[in-house]
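Spelled out, the chains give:
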Amino acid sequence: MGSKVLRTENLSAYFRDNRVVNRVSLSIPENMVTTIMGPSGCGKTTLIRCFNRIHELIPGARVEGRVFLRDEDVYATDPMIIRRRIGMVFQRPNPFPTMSIYDNVIAGYRLNGIKLGHGERDAMVEESLKKAALWDEVKDHLNRKGTFLSGGQQQRLCIARALAMNPDILLLDEPTSALDPKATARVEQLVEELKKTVTLILVTHNVAQAGRVSDFTAFLYLGELIEYGPTEQLHTAPKDTRTEEFLTGKFG
Amino acid sequence: MNREKTRMRVIKDWVFVAVVVTLSFLAIVPLVLILSYIVKNGLSSLTWEFLVELPRPVGEKGGGVANAIVGSFLLVIIASLPAIPLGVSAGIYLSEREGGRLSFLTRLAVEVLHGTPSIVIGIIAYLWLVIRMGRFSALSGGIALGIMMLPVIVRTTEETLKLIPDSLKEASLALGVPYHRTILKVILPAGLGGIMTGVLISVARIAGETAPLLFTAFGNPFMTWNIIKPVNALPLVIYNYATSPYPEWHAIAWGASCVLVGLVLALNLTARIIARRWEVKF
């Protein structure tokens, strides 16, 4: 099963007094795709937003429990360092509207004031866009604004932007929920490719998608981790009746 | 029956459109009337000399308002220098912090300042600056105008930045970019067009202010670039010359009105163009 890259211990997340993630303990294996699936509002997104310390930015939001990135306590480290090591792609594509495609890819360096050589920059843009399977479509107009791309291309640009930072983990928060079926297929195909080099954590409410792309699946319901295991096992022989009901479409 | 109903609807629709179109035209009428009147009366005095020469004594023909143009320019610069950074910073603060006591107080202060009559601001500047310095000056006039710019800039900055989706801020923070850099390098550039528009509109607003200048910048028949001396300004020229008994001076007041209106129109148009050109799509 390989080594564990991310581990949570009794992780709970709150919005004021409202607990949306309830004592979740789970370990994410390296260079695999792990999906977090569950009905809308079950706390999936909030859970992964605790991994890169984005949850705490919302006024009134609070986290309890612990998260470890390899052996490092995430909540005892500078959040800026953690966020550079755990990349994130959001539900809706959000390229920086004032920047070109080129600048969007290296935004993590530019905005952080990290200086790169000219050649180094070009190489990184090309490599990241290739990894995100976008290079062939945009290589001739890298100076155009990122927002001119289609939704699916924008989402892959956001993936390239996250990959450029060379993260240990890439969090994908329902990355295809705003995309059409064709663009969705491209992103899913990309996820397959990416797991060779990076650990992926994918949030989805789509059972079929979880089955298609992931090696491990966690089922979250009402903020609690109901079941977690290899995708095939969870899909074919769920241990918990709630998992089974969700998989067969009885709710969610 | 059914056909009749449809006919009634079509007629109602037609009447509604007619009323709306007529009323919109009526709304333009005052502007067109004022503009054409000013141009008709002012155009004859608008010559190159009018823009580059100094005013002449009573009785002598000709002369211009170069000193007032320079003075207005000085006043706008003096007003903008503190008002833009202060206003933009306050706008950022308010857009970032919806609640909280300080933002409540700031918002209230901005609202009150926006509603304060310009003559009151002039009197305050007179009491605080002119009396202390012992003289009228461009500096005191500029500061009075700067206070008037402030609420416009704060409001437009706040409103512009509030329209920027949070997802953009999250995108930056998720790359490990510190908060202050996120504001300066992601949020501000995305709102720059709107902020510039606000600044230009606030300049247009103060360019025509007369009341606060009466006892601060005061007016000056000579050319000066010295900011601690009294300076002339276009609205002061209009006020002083239009209330004089000499017809030649009335002509100058019309000419100055023409220049001022042209300037304000140009500022507003530029603001529009910037808003359109720099519009950021999210």
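Residues numbered from 1 in each chain as written. Chains lettered and ligands numbered in written order. Predicted model: local features only at pLDDT ≥ 70, side-chain atom pairs only at ≥ 80, totals over all residues. Heavy atoms only, no water.

### Observations concerning the overall build of chain A
Step number 1: When its secondary structure is counted, chain A shows eleven helices and ten strands.
Step number 2: Scaling as 2.2 N^0.38, a compact globule of 252 residues should have a C-alpha radius of gyration of about 18 Å, and chain A matches this with 18 Å.
Step number 3: With the principal axes as the frame, chain A shows a C-alpha extent of 55 × 40 × 35 Å.
Step number 4: A buried classification covers 56% of the 252 residues belonging to chain A.
Step number 5: Sequence-distant contacts in chain A: of pairs separated by 6 or more residues, those separated by 24 or more amount to 68%.
Step number 6: Just so you have it, chain A exposes about 10,900 Å², and 47% of that area is on carbon and sulfur atoms.
Step number 7: Distance from the positive charge centre (33 side chains) to the negative charge centre (31 side chains) of chain A: 4 Å. (Helix = DSSP H or I, 4+ residues; strand = E, 2+ residues; numbered from the N terminus. Rg over C-alpha atoms; globule rule 2.2 N^0.38 Å. Buried < 20%, exposed > 50% of the residue type's maximum accessible area, 1.4 Å probe, protein only. Contact = heavy atoms within 4.5 Å. Areas by Shrake-Rupley, 256 points an atom, 1.4 Å probe, with all protein chains shown as cover. Lys, Arg positive; Asp, Glu negative; His and termini not counted. Charge placed at Lys NZ, Arg CZ, Asp CG, Glu CD.)

### Let's talk about a nonpolar patch on the surface
Residues and elements named next belong to chain B.
Step number 1: On the surface, Met8, Ile11, Trp14, Val15, Val19, Leu23, Leu26, Val29 and Leu33 cluster together to form a nonpolar patch covering roughly 880 Å² of accessible area.
Step number 2: Tracing the backbone through its elements, the reader meets leucine 33 in helix H1 (residues 2-42).
Step number 3: Residue leucine 33 is classed as exposed on the basis of its relative accessible area of 55%. (Patch = residues over 30% accessible without salt bridge, like charges linked within 9 Å, V, L, I, M, F, W, Y side chains within 5 Å. Salt bridge = Lys/Arg side-chain N within 4 Å of Asp/Glu carboxyl O.)

### A word on the interface of chain A and chain B
Step number 1: With 24 residues of chain A in contact, the opposing surface of chain B contributes 19 residues.
Step number 2: On the chain A side of the contact with chain B, Phe96, Pro97 and Leu111 of chain A bury the most area, a combined 30% of that side's loss.
Step number 3: Here arginine 49 of chain A makes a salt bridge to glutamate 170 of chain B, at a shortest N to O gap of 2.6 Å.
Step number 4: Taken together, chain A and chain B are joined by five residue pairs in polar contact (both at pLDDT 80 or more).
Step number 5: Sorting the residues of the side of chain A that touches chain B by element identifies helix H2 (79-85), strand E6 (86-89) and helix H4 (107-112) of chain A as the ones contributing at least two each.
Step number 6: Looking at which element gives the most residues to the side of chain A that touches chain B, the answer is H4 of chain A, with five residues.
Step number 7: Classifying every residue of the side of chain A that touches chain B gives twelve nonpolar, seven polar and five charged. (Buried area = accessible area lost by both parts, 1.4 Å probe. Polar contact = N/O pair within 3.5 Å; in protein donor to acceptor, adjacent residues only side chain to side chain. Nonpolar A, V, L, I, M, F, W, Y, C, P; charged D, E, K, R; others polar.)

### Description of the nonpolar core
Step number 1: Core analysis: the biggest nonpolar cluster contains 80 residues, and Phe96, Leu129, Ile159 and Leu170 of chain A have the highest contact counts within it.
Step number 2: For this core, the element with the highest residue contribution is helix H8 (residues 179-207) of chain B, accounting for eleven residues. (Core = buried A, V, L, I, M, F, W, Y, C linked by side-chain atoms within 4.5 Å.)

### Regarding empty space enclosed by the protein
Residue and element names in this part refer to chain B.
Step number 1: For the coordinates displayed, the defined rule picks out three cavities of 30 Å³ or more.
Step number 2: Reported here for the largest cavity is a volume of approximately 50 Å³.
Step number 3: Considering the residues around the largest cavity, the lining is formed by Ser72, Leu75, Val76, Leu145, Ile206, Ala207, Leu213 and Ala233.
Step number 4: At the level of secondary structure, the elements contributing two or more residues to the lining of the largest cavity comprise helix H3 (66-96) and H8.
Step number 5: Looking at the lining of the largest cavity, the element that brings in the most residues is H3, giving three residues.
Step number 6: For the lining of the largest cavity, the residue count by class is seven nonpolar, one polar and no charged. (1 Å grid on protein atoms, 1.4 Å probe; cavity = no way out; pocket = protein on both sides within 12 Å on 5 of 7 lines; lining within 4 Å. Points joined across faces, edges and corners; volume = space filled by probe spheres on them.)

### Quick notes on the layout of surface pockets
All names here are of chain B.
Step number 1: If you add up the space inside the largest pocket, you get close to 620 Å³.
Step number 2: Mapped onto the lining of the largest pocket, the elements with two or more residues apiece are H3, helix H6 (138-163), helix H7 (166-174) and H8.
Step number 3: With four residues, H7 is the single largest residue contributor to the lining of the largest pocket.
Step number 4: Counted by class, the lining of the largest pocket contains ten nonpolar, one polar and eight charged residues.
Step number 5: In this structure, the second largest pocket spans a volume of roughly 370 Å³.
Step number 6: Contributions of two or more residues to the lining of the second largest pocket are made by H6 and H8.
Step number 7: For the lining of the second largest pocket, the element with the most residues is H8, which contributes seven residues.

### Description of the packing of aromatic side chains
Step number 1: One pass over the structure, following the stated rule, counts nine aromatic pairs over all chains.
Step number 2: On the numbers, 4.3 Å between centres and 15° between planes, the contact of phenylalanine 136 of chain B with phenylalanine 218 of chain B is stacked. On the criterion of sequence distance, the pair formed by phenylalanine 136 of chain B in the loop between helix H5 (118-133) and H6 and phenylalanine 218 of chain B in the loop between helix H9 (211-214) and helix H10 (234-242) is long-range, its members being 82 residues apart.
Step number 3: You can call phenylalanine 136 of chain B partly exposed: its relative accessible area is 24%.
Step number 4: The partly exposed category is assigned to phenylalanine 218 of chain B, whose relative accessible area is 43%.
Step number 5: Among the aromatic side chains, those forming a connected cluster through ring pairs are Tyr126, Phe136, Phe215 and Phe218 of chain B.
Step number 6: Here arginine 62 of chain A stacks its cationic end above the ring of tyrosine 14 of chain A, 4.1 Å away from the centre of that ring.
Step number 7: A cation over an aromatic ring shows up here: arginine 161 of chain A above the ring of phenylalanine 96 of chain A, its NZ or CZ 4.6 Å from the ring centre. (Phe/Tyr/Trp six-rings, centres within 6.5 Å; stacked < 30°, edge-to-face > 60°. Lys NZ or Arg CZ within 6 Å of the ring centre and 35° of its normal.)

### Overview of H8 of chain B
Step number 1: The terminal C-alpha atoms of H8 of chain B, which comprises 29 residues, lie only 37 Å apart, well short of the 42 Å expected from a rise of 1.5 Å per residue.
Step number 2: The largest bend in H8 of chain B comes to about 55°, at leucine 192 of chain B. (Expected span 1.5 Å × (residues − 1). Bend = angle between axes of the 7 residues up to and from the residue.)

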